[in-house]
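Okay, here's what each chain looks like letter by letter:
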Amino acid sequence: MSDKDVISDALEAYRECSEAASENRAMFEADIRFSRMGEQWPETVKREREREGRPVLTINRIPSFARQVINDARQNRPSIKVHPADSSADPRTAEVMSDLIRNIEYISNADIAYDTAIENAVYGGFGYIRVATDYAHDDSFDQDILIGRVLDPLTIVGDSRSDCADSSDWDRAFVVEGMSEDEFEAKYKDAARTSFGADVSMSVDSDEIIVAEYWTREVVSTKILKLSNGLILSEDQFKKNAEILQAAGIMVVGDRDSKTHKVVQRILSGSEQLEENAWSGRFIPIIPVYGEEVFVDGKRYFKSLHRDAQDTQRMLNYWRTASTELVALAPKTPW
């Protein structure tokens, strides 16, 4: 498939996915501005009162309730633990795998990723966690698995056809970011400086270049082999290690056709594919953390903790402001 076809397919998929998520994304931004930025007065009313020199008080009670949920989540952080599934499983192997996962969380500062995702879900309705790989050291070919935080959930657009709580059914996803021209040129020296999609809805500077990670997942057919030592390998894995296995007297005792998933990450600008990277896992490595989920008329909505309390909060602001004005207008009693 040519770069032009890849970008055309990506833009079509992006428009479909972003249109399906547009209402949730708009409500996320409005909720964040209301709860965390304290933008709780209608802009016209605020400007009018400020022009007349009248008070515009914001007594923001929402963070105190949100922090109760967030602090409780911090005290009871989710953790990954491996359990032996049946009597034939090895408890020691499960313990070793749990230790490896704890090490991944430690070197990734995964607590920050978890906390950021929970905060975004509480204040805005949804957040995300990412899984990635990177070289362990500058002079090494070994790679570490890393759990990373997503500071701005609006940079991610998930599959519009998804209905799983953990995004395990995502077949496509986008991560869009703005890069300065210097950053873009340093990373992609010979690439044209064109942004991915003129209508991509992102809050970026006008001189920044929008680059998109386009994740896809597709079903692929494979053959799995059962070996005489009980090990299960794909046909490709067996062929790569055939000499070693046969020298050890390990033979194929059974086979069957199977299906798995192929996950690919493509980095796209507006005119070309900049990178293509195969992902080793079966799932797109972006995990959502949702707030309250509501399904109405075939659409999913994600609600923040405070969405239903916003009218009460506005009424508190109006009442406190009116009380302040009344006190200011009351006649002074001489004593």
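Refer to the structure presented above.
A. Structural context of the nonpolar core. Counting 21 residues, the largest nonpolar core has Y128, I156, W170, W215, I284 and I286 as the members making the most contacts within it. Apart from the residues within four sequence positions on either side, I286 is in contact with Y128, I129, R130, I156, S167, W170, A173, V175 and W215. Listed in part, the 15 residues of the second largest apolar core include F174, I210, A212 and Y214.

B. Here's a closer look at the environment of Q273. Mapping Q273 onto the fold places it in strand β8 (residues 273-279). Relative accessible area serves as the criterion here: at 18%, Q273 is assigned to the buried category. Sequence separation of Q273 and L57 is 216 residues, and the distance between their C-alpha atoms is 51 Å. When near neighbours in sequence (up to four residues on either side) are disregarded, Q273 contacts D3, V6, I7, R266, I267 and L268. A distance of 2.9 Å separates the side chain of Q273 from the side chain of E276, its partner in a polar contact.

C. Structural context of helix α5 (residues 110-124). In this model α5 runs 21 Å from its N-terminal to its C-terminal C-alpha over 15 residues, within 8% of the 21 Å that 1.5 Å per residue would give. With 13 of 15 residues buried, α5 lies mostly within the body of the structure.

D. Inspection of the pattern of salt bridges at higher detail. Going through the model one piece at a time under the given rule, you end up with 26 salt bridges. For E29, the salt bridge identified is with R33, shortest N-O distance 3.5 Å. With E29 and R33 both in helix α1 (residues 3-35) and four residues apart, the pair spans about one turn of that helix. Residue E29 is classed as partly exposed on the basis of its relative accessible area of 34%. With its nearest N and O atoms 2.7 Å apart, the salt bridge here joins R300 to E293. A relative accessible area of 14% means that R300 is categorised as buried.

Calculation rules
- Residues numbered from 1 in each chain as written.
- Predicted model: local features only at pLDDT ≥ 70, side-chain atom pairs only at ≥ 80, totals over all residues.
- Heavy atoms only, no water.
- Core = buried A, V, L, I, M, F, W, Y, C linked by side-chain atoms within 4.5 Å.
- Buried < 20%, exposed > 50% of the residue type's maximum accessible area, 1.4 Å probe, protein only.
- Contact = heavy atoms within 4.5 Å.
- Helix = DSSP H or I, 4+ residues; strand = E, 2+ residues; numbered from the N terminus.
- Polar contact = N/O pair within 3.5 Å; in protein donor to acceptor, adjacent residues only side chain to side chain.
- Expected span 1.5 Å × (residues − 1).
- Salt bridge = Lys/Arg side-chain N within 4 Å of Asp/Glu carboxyl O.

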